[in-house]
Amino acid sequence: LDRVSLVIEPREFVALVGPSGAGKSTLMAALAGVRRPDAGQVRVGGDDLYTNYHCYRGGIGYVPQDDILHRSLTVGDALRYTARLRLPIDTSEAEIEARIVRVLEEVEMVEARKQRITELSGGQRKRTSIASELLADPSLFFLDEPTSGLDPGLEKKMMYTLRYIADSGRTVVLVTHA
């Protein structure tokens, strides 16, 4: 990347689009705090993201291109384990269960709660990965190729889901070649 400059406003839904090798994923990794840039700055509300990363980490959700969930677990179990890792230690079981239901509703996956991840379609696995990150209620949400491998109908549905997530108060940035 060379001399990239952009402003992303709160609650925007932004797509980083371009051909393979253009630097979309590299830019996203820098914006999400996953990969510090060699030069330049990433600022959040005027603060340097990397200097103050400890203040922002809890508010950033990042879904990489590859699945991030253990495939032998059910959707519900995978989300429960993620919640225990990402939420404050004093979060009650009732609150964890309520969050699981809420995020599954957001990604339209409530009916798949008892299915094993291995039994899900590609689109369902992507939505489950998104739900996993939504458990922590991030205000900044980054997704790397969330529609890769999906047929056009599922791709469109995924984009509507992400638009809904942005409309519900989050800033959504995604990488896509489509």
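Up top is the structure.
Residues numbered from 1 in each chain as written. Predicted model: local features only at pLDDT ≥ 70, side-chain atom pairs only at ≥ 80, totals over all residues. Heavy atoms only, no water.

Student: Which residues make up the pattern of salt bridges, and what values do they have?
Tutor: Going through the model one piece at a time under the given rule, you end up with 12 salt bridges. Where Asp2 meets Arg3, a salt bridge forms, and the shortest distance between an N and an O atom there is 3.4 Å. With relative accessibility at 57%, the residue Asp2 sits in the exposed group. When salt bridges with common partners are traced through the structure, they connect Asp77, Arg80, Glu97 and Arg113 into a single cluster. (Salt bridge = Lys/Arg side-chain N within 4 Å of Asp/Glu carboxyl O. Buried < 20%, exposed > 50% of the residue type's maximum accessible area, 1.4 Å probe, protein only.)

Student: Please provide a residue-by-residue account of the nonpolar core, values included.
Tutor: Among soluble globular proteins, nonpolar side chains are generally buried collectively. Judged by nonpolar contacts, the single largest core of 29 residues is most densely connected at Leu79, Ile130, Phe141, Leu143 and Leu162. Among the elements of the structure, helix H3 (75-86), helix H4 (93-106), helix H5 (122-134), strand E5 (140-144), helix H6 (152-167) and strand E6 (171-176) are those that each provide at least two residues to this core. Not counting the four nearest positions on each side in its chain, Leu79 is found in contact with Ile100, Val103, Leu104, Thr128, Ala131, Ser132 and Leu135. Within the second largest apolar cluster, 18 residues are counted, among which are Ala30, Val44, Tyr62 and Leu140. (Core = buried A, V, L, I, M, F, W, Y, C linked by side-chain atoms within 4.5 Å. Helix = DSSP H or I, 4+ residues; strand = E, 2+ residues; numbered from the N terminus. Contact = heavy atoms within 4.5 Å.)

Student: Can you explain the packing of H5 against H6? Please cite residues and give values.
Tutor: Contact geometry of H5 with H6 gives a least axis separation of 11 Å together with a crossing angle of 10 degrees. With respect to their mutual orientation, H5 and H6 come out roughly parallel. H6 is crossed by H5, and the crossing has right-handed handedness. Side by side, H5 and H6 meet where Gly123, Lys126, Arg127, Ile130 and Leu134 of the first sit next to Lys157, Met158, Leu162 and Ile165 of the second. Looking at side-chain class alone, the contact of H5 with H6 contains 5 nonpolar, 1 polar and 3 charged residues. (Axes fitted to C-alpha atoms, helices over the stretch in contact; angles between N-to-C directions. Parallel < 35°, antiparallel > 145°, perpendicular 65-115°, else oblique. Left-handed = near helix turned anticlockwise from the far one by under 90°. Nonpolar A, V, L, I, M, F, W, Y, C, P; charged D, E, K, R; others polar.)

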